[in-house]
Amino acid sequence: MSTTQANALTEMYNSWTARMATGTMELPEMRAMFEEWGTLATEPEGFAYTTLSLGGVPCLEAVEIGKADNGRVLLCFHGGGFVCGSPESHRKMFAHMARAVGCKAIIVDYTRTPDNPHPGIVNQCTAVYSALVDQGYDPRQIAMIGDSAGGNLATAVPLNALREGLPAPAASVPLSPWYDMEPTGETFVTNADVDAFVSPDAVRLMAGMYLGGADSRDPGVNLLQADPSALPPLLIQVGGHETLLDDSRRFYERAKAAGVDVTLQIYPEMQHVFQLMAGKAPEADDAINKIAQWLRPRLGL
């Protein structure tokens, strides 16, 4: 059974669903609503935050003062359906993760859709990674992580980097990844009564803004259609109550069959991106500790 602390995310999603059900919510209001994600985690003490530009893309760097290994980087892609979310809404969660791993975090402030449809966001995130490599960071000491749409990016960006002739990062951690633009997963039916937020209609709405004119089954946007064989080691975490659960399970099976070093961790009864409750819900802290245990040896820590 999920803890009382974990129920805070369910309650937030229920309130969002009720607000969106009116059908009158405009994009600025939706984006403001998603910023409430940032209230779920505790504030990690001892961090310094710096805005910078990498590859022409604004980013937010989070460093635990006097403790982080600045030679290792957790390159972070925030979720929000490519439409919402920001470095600020995800800052605390990614800082908790950086602390657990023992490295710095760089959160990419990509230009969101509908102003920047595919492949704009993937290209921006790849440009940030390329800039880090150009600055002398060892790709074997860079890991990528992202949630929801950011989980898509944490998978698509390594593939795009390889297409551009860049070396692969050490590892990638997709959290509650959104891979299927259509959506077709069976858990959209079987988990419909327990997922508090992600519905097929919501997926189609945000997919429409992200796709632009792209085909929803294009391997560049629908990672379930991509060849995963060149991917670095992957750790996928997802909640057992998610409608997107089947995206993770199907991608895990494809990656495993292709010979990828891939691990899937399903957290019973958890909602979409439950790790956002870092420092408040034991399930989130356990997941972050498992990420750190998995990532540290792959980053040489």
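Structure's up top.
Being a predicted model, the structure only gives us computed values, none of them experimental. (Residues numbered from 1 in each chain as written. Predicted model: local features only at pLDDT ≥ 70, side-chain atom pairs only at ≥ 80, totals over all residues. Heavy atoms only, no water.)

Asks: Would you take a moment to explain the sheet that holds strand S7 (residues 234-239) for this structure?
Replies: Think of a sheet as strands paired side by side through backbone hydrogen bonds, with each pair either parallel or antiparallel. Reading across the sheet, the 8 strands line up as S1-S2-S4-S3-S5-S6-S7-S8 and stay open at both edges, with mixed pairing between neighbours. Both edges of this open sheet fall to strand S1 (47-54) and strand S8 (262-267), since each of them pairs with a single strand only. Strand-to-strand twist of the sheet, defined as the mean angle between neighbouring strand axes without regard to direction, takes the value 20°. Strand direction decides the pairing type here: strand S5 (residues 142-147) and strand S6 (residues 171-175), joined by 5 bridges, are parallel. Paired with alanine 143 across the strands is alanine 171, a residue of S6. Relative to the sheet, helix H3 (residues 87-101) contacts S1, strand S2 (57-64), strand S3 (69-77), strand S4 (103-108), S5 and S6, its axis offset from that of S4 by approximately 160°. Here helix H8 (residues 245-257) sits on the sheet in contact with S7 and S8, set at roughly 160° to S8. (Pairing = 2+ DSSP bridges. Helix = DSSP H or I, 4+ residues; strand = E, 2+ residues; numbered from the N terminus. Axes fitted to C-alpha atoms, helices over the stretch in contact; angles between N-to-C directions. Contact = heavy atoms within 4.5 Å.)

Asks: Explain the state of the cysteines here, please?
Replies: Taken as a whole and assessed by the stated rule, the structure comprises 0 disulfides. Cysteine cysteine 84 remains unbridged, with the sulfur of cysteine 125 as its closest cysteine sulfur at 16 Å. On the basis of relative accessibility, which here comes to 0%, the residue cysteine 84 falls in the buried class. Take cysteine 125: it sits in no disulfide, and the sulfur closest to it among the cysteines is that of cysteine 59, at 8.4 Å. (Disulfide = S-S within 2.5 Å. Buried < 20%, exposed > 50% of the residue type's maximum accessible area, 1.4 Å probe, protein only.)

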